[in-house]
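Survey of secondary and tertiary structure
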Amino acid sequence: MSQYQIAVIIGSLRKDSFNRKLADAIVKLAPPEFSFRQVQIGDLPLYNQDDDEHPAPAVVRMKSEIRAANGFLFVSPEYNRSIPGLLKNALDCGSRPTGQSAWAEKPAGIIGVSTGAVGTAMAQQHLRNVLSYLDVAVMRQPEAYLQMREGMFDDAGNIGAGSRAYLQNWMDHYCAWIKKNVG
C-alpha cells in the first residue's frame, strides 16, 4: 500500500486539550506515506438503539470516515479512571447496529496525556477492552502513558526536545503495526 489513511479519534472536546495538542504534534513524526484525519465526535447524539434504523447524519458521517480509514489513532484523556463518555459514545455509535460495526478488523494505536502521575493508564486499559470486543487490533507495545510536563510541546506546538525520541519510537512502532495489520 502506498498511502495509509488514519482516522484520529480524540476523546476530548476542550479547545486547549493536551490530547488535541498531542494528536496534532505526534502525527508530524509519521513517515510521509501516512495521512491523518481527525474525526469529529462531539456532534454525535447519545447512542440510542431506537435510532439504529435511521441514524443521525453525524453518525452516518462518522461511520463513513471510520470505514474509509485503514487504521485508527486514539488520543484520549482519562476521566475518573476510565475513558471519557464522549469516546465511549462514539465507539457505541460506530459499532451499531449489531453486525454493522465500522470499527471491526482494523488496526489501532492508543496514546494519551494527563496531568496525573500515571498518565492515562486506566483509560487506555478500558479502551483496549472495548476495542478488543469491537475486533480492533490494538498495538500492545510500546505503551505510552504520558504525564503532562513543561517542555512536552515546544512553542510551535511540536513535540518538545525532551519527549521527541520517546514519542518518535512510539510512532515508529505504531506505523509498523499499521503496515503489518492493514490487509
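To start, this report covers the structure provided alongside it. (Residues numbered from 1 in each chain as written. Predicted model: local features only at pLDDT ≥ 70, side-chain atom pairs only at ≥ 80, totals over all residues. Heavy atoms only, no water.)

1. Some remarks on helix 4 (residues 121-133)
At 3.6 residues per turn, the α-helix brings residues three or four places apart onto the same side. In this model, helix 4 (13 residues) spans 19 Å end to end at C-alpha, consistent with the 18 Å of a helix rising 1.5 Å per residue. The complete set of buried residues in helix 4 reads Ala-123, Gln-124, Leu-127, Arg-128 and Leu-131. Buried residues of helix 4, viewed axially, fall in a sector of 140°; they line one side. More than 90 degrees from the buried face of helix 4, the exposed residues found are Ser-132 and Tyr-133. Contact partners of the buried residues in helix 4: strand 3 (71-75), helix 3 (85-95), strand 4 (107-114), strand 5 (137-138) and strand 6 (145-147). One or two residues past the end of helix 4 sits Asp-135, with phi positive at roughly 65°. (Helix = DSSP H or I, 4+ residues; strand = E, 2+ residues; numbered from the N terminus. Expected span 1.5 Å × (residues − 1). Buried < 20%, exposed > 50% of the residue type's maximum accessible area, 1.4 Å probe, protein only. Arc of directions from axis to C-beta. Contact = heavy atoms within 4.5 Å.)

2. Quick notes on the packing of helix 3 against helix 4
For the pair helix 3 and helix 4, interaxial distance at closest approach is 11 Å and the crossing angle is 5°. As summarised for this structure, helix 3 and helix 4 are arranged roughly parallel, according to the angle between their axes. The segment helix 3 lies against helix 4, with Leu-87, Lys-88 and Leu-91 engaging Leu-127, Val-130 and Leu-131. (Axes fitted to C-alpha atoms, helices over the stretch in contact; angles between N-to-C directions. Parallel < 35°, antiparallel > 145°, perpendicular 65-115°, else oblique.)

3. Details of empty space enclosed by the protein
Inspection of every chain in the model, using the stated rule, returns one cavity of 30 Å³ or more. The space that makes up the largest cavity amounts to roughly 30 Å³. Taken together, Ser-76, Pro-77, Ile-83, Ile-110, Ile-111, Thr-120, Ala-123, Gln-124 and Leu-127 make up the full set of residues lining the largest cavity. Those elements that place two or more of their residues in the lining of the largest cavity are strand 4 and helix 4. (1 Å grid on protein atoms, 1.4 Å probe; cavity = no way out; pocket = protein on both sides within 12 Å on 5 of 7 lines; lining within 4 Å. Points joined across faces, edges and corners; volume = space filled by probe spheres on them.)

4. Quick word on the side chain of Thr-120
For Thr-120, the position within the fold is in the loop between strand 4 and helix 4. Separated by 3.5 Å, the side chain of Thr-120 and the backbone oxygen of Gly-112 make a polar contact. A distance of 2.8 Å separates the side chain of Thr-120 from the side chain of Gln-124, its partner in a polar contact. Those residues in contact with Thr-120 that sit more than four places away from it in its chain are Ser-76, Pro-77, Glu-78, Gly-112, Val-113, Ser-114 and Tyr-145. (Polar contact = N/O pair within 3.5 Å; in protein donor to acceptor, adjacent residues only side chain to side chain.)

5. Observations concerning the layout of surface pockets
Taken as a whole, the largest pocket encloses approximately 240 Å³ of empty space. Residue classes in the lining of the largest pocket are distributed as nine nonpolar, four polar and five charged. Every residue lining the second largest pocket is listed: Ser-95, Arg-96, Thr-98, Gly-99, Gln-100, Ser-101, Ala-104, Tyr-133, Leu-134 and Asp-135. A breakdown of the residues in the lining of the second largest pocket according to their chemical character gives three nonpolar, five polar and two charged. (Nonpolar A, V, L, I, M, F, W, Y, C, P; charged D, E, K, R; others polar.)

6. Observations regarding helix 3
Of all 11 residues making up helix 3, eight are buried, and the element is well covered by its neighbours. Of the positions making up helix 3, those classed as buried are Leu-86, Leu-87, Asn-89, Ala-90, Leu-91, Cys-93, Gly-94 and Ser-95. In the core, the buried residues of helix 3 are packed alongside strand 1 (4-10), helix 2 (57-68), strand 3 and helix 4.

By themselves, these observations are geometric and do not establish any function.
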